[in-house]
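# Inside the fold
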There are 2 protein chains.
Amino acid sequence: MKHNCVMKATLGRLPVYLQYLKGLDTNEYPNVSATIIAKALSLGEVQVRKDLSAVSGAGRPKLGYDTLSLIKTLEEVLGQKAVSEAIIVGAGRLGNALLGYNGFGNYGLKIGAAFDISCTDPYTTANGARIFPLNELENYCKSENVKIGIITVPKEAAQDICDRLIGSGVTAIWNFAPCNLCVPDNIILQNENLALSLAHLKLQMDCK
Amino acid sequence: MKHNCVMKATLGRLPVYLQYLKGLDTNEYPNVSATIIAKALSLGEVQVRKDLSAVSGAGRPKLGYDTLSLIKTLEEVLGQKAVSEAIIVGAGRLGNALLGYNGFGNYGLKIGAAFDISCTDPYTTANGARIFPLNELENYCKSENVKIGIITVPKEAAQDICDRLIGSGVTAIWNFAPCNLCVPDNIILQNENLALSLAHLKLQMDCK
């Protein structure tokens, strides 16, 4: 299935629906309506209805969607899109945590390898992840056609790594380094500042 | 300074401004205007102007704000609010990555301790973090008046840990387990689903 870019916003919400549905007890909820989903996720009911009908047709009147079928449909839509292997640069604690994080597979995603400046010879970790010397980054990305790069190096090194990734054909960057990165317009940059997330949680709490 | 809850949205954006400003080269930008900040962060100029004037007064006409002074002001506003120590439950790879993550201190935040079911005797890690047995969770939270709990346990255990945290006085939960948690209305819940973030990045890329 080739999704049209018009559906970009919808596509972005599909993993959210999928996560919610997978958390449901299907004995209790053999069927689920757009109303229930919208309420649980604090989304507009019209939006949920529209999103789901775009991938799965309309739900049945009064009953809504068959929960298991809807999960299967969403998994297919999300999983069948071509999986471009992602790689990590920086195999410190955070890089290793991501390498060992369960759940990427649910979204048709795979982190294939990590690169670290302190690595001199390639090795495989206890949980099967491959770690390579940093100077093999460019060759690996080009030969494996890697399109997604995850940056978990210290902020001082982040821009250099970002430039090297882009130079090797990566078009989407997931940046965990707490700094602003400069990327060309055609590159997608998603920042994940964990300190900022915690600060935001704290501020919400202080205001409550 | 006691911030009024009317400023909640503003407060939520202050760490974003601070992060951006700290990434600037102050030799190049001794002054910075709301226009520049708004453009860099894709925010409305009026909003940025309003946010900053709420904490720092108006910028100087033509010049804007003195960059270093504005950084200092934002750090004071964010840092001087009472720091409620945060704790982590689940000292696996992700928990340890968060314990060792630099940058929380910039926001007046501190992760004081971690609790793990596999820990039988308290110990201190190489980087100074304290790990305690899980059965000490309740006593620690109550005696240290912990208000923020970070959940990095497997999803099967997450709801139980969430309930125990809330029962121990925690009012804000930062959940890394990929599952839906049920919390009372007076509890703040922030979900951090890393697989979802990566899936979202991938979807953006596929649509570009």
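Details of the structure are given in the entry above.
None of the values given here were measured: they were computed from a predicted structure. (Residues numbered from 1 in each chain as written. Chains lettered and ligands numbered in written order. Predicted model: local features only at pLDDT ≥ 70, side-chain atom pairs only at ≥ 80, totals over all residues. Heavy atoms only, no water.)

## Some thoughts on the overall build of chain A
Looking only at helices and strands, one finds eight helices and nine strands in chain A. Summarising its shape, the C-alpha atoms of chain A cover approximately 60 × 45 × 40 Å along the three principal directions. Evaluated residue by residue, chain A yields a buried proportion of 50% over its 208 residues. Partitioning the intrachain contacts of chain A with sequence separation of at least 6 by distance along the chain shows that 54% fall at a separation of at least 24. Of the roughly 9800 Å² of accessible surface on chain A, 51% is carried by carbon and sulfur atoms. For chain A, the centre of its 20 positive side-chain charges and the centre of its 19 negative side-chain charges are spaced 8 Å apart. (Helix = DSSP H or I, 4+ residues; strand = E, 2+ residues; numbered from the N terminus. Buried < 20%, exposed > 50% of the residue type's maximum accessible area, 1.4 Å probe, protein only. Contact = heavy atoms within 4.5 Å. Areas by Shrake-Rupley, 256 points an atom, 1.4 Å probe, with all protein chains shown as cover. Lys, Arg positive; Asp, Glu negative; His and termini not counted. Charge placed at Lys NZ, Arg CZ, Asp CG, Glu CD.)

## Things to note about the pairing of strand β4 (residues 111–116) of chain A
Residue and element names in this part refer to chain A. Within β4, six of the six residues are buried, which leaves the element mostly enclosed by the surrounding structure. For strand β3 (residues 86–89) and β4, the ladder comprises four bridges, and the chain directions are parallel. By the bridge assignment for β4, Ile88 is matched with Ala114. Examined bridge by bridge, β4 and strand β6 (residues 130–133) share four bridges and lie parallel to one another. Paired with Phe115 across the two strands is Phe132, which belongs to β6. (Pairing = 2+ DSSP bridges.)

## Focus: the sheet that holds β6(A)
Residue and element names in this part refer to chain A. With respect to topology, seven strands assemble into an open sheet ordered β5-β6-β4-β3-β7-β8-β9, the strand pairing being mixed. This sheet does not close on itself; its edge strands, each paired only once, are β5 (123–124) and β9 (188–191). Helix-sheet contacts for helix α7 (residues 155–167) involve β3, β7 (148–151) and β8 (172–175), and the interaxial angle to β7 is about 170°. (Axes fitted to C-alpha atoms, helices over the stretch in contact; angles between N-to-C directions.)

## Looking at the pattern of salt bridges
In the structure shown here, the tally under the stated rule is 10 salt bridges over all chains. Lys22(A) is the partner of Glu75(A) in a salt bridge, and the nearest nitrogen-oxygen pair spans 2.9 Å. Here Glu75(A) is found in helix α4 (residues 67–79), whereas its partner Lys22(A) is found in helix α1 (residues 8–22), with 53 residues between them in sequence. A residue is classified by how much of its surface remains accessible, and Lys22(A), at 38% relative accessible area, is partly exposed. Salt-bridge contacts for Lys110(B) lead to Glu85(B); the nearest nitrogen and oxygen are separated by 3.9 Å. (Salt bridge = Lys/Arg side-chain N within 4 Å of Asp/Glu carboxyl O.)

## Digging into the relation of the copies chain A and chain B
Expressed as a screw operation, the relation of chain A to chain B combines 0.0 Å of axial shift with a rotation of 180°, fitting to an RMSD of 0.1 Å. Put plainly, the chains are arranged around a two-fold axis. Most of the interface of chain A is mirrored in chain B: 98% of its interface residues are interface residues there too. (Least-squares fit on C-alpha atoms with pLDDT ≥ 70 in both.)

Purely geometric numbers; function is a separate question.
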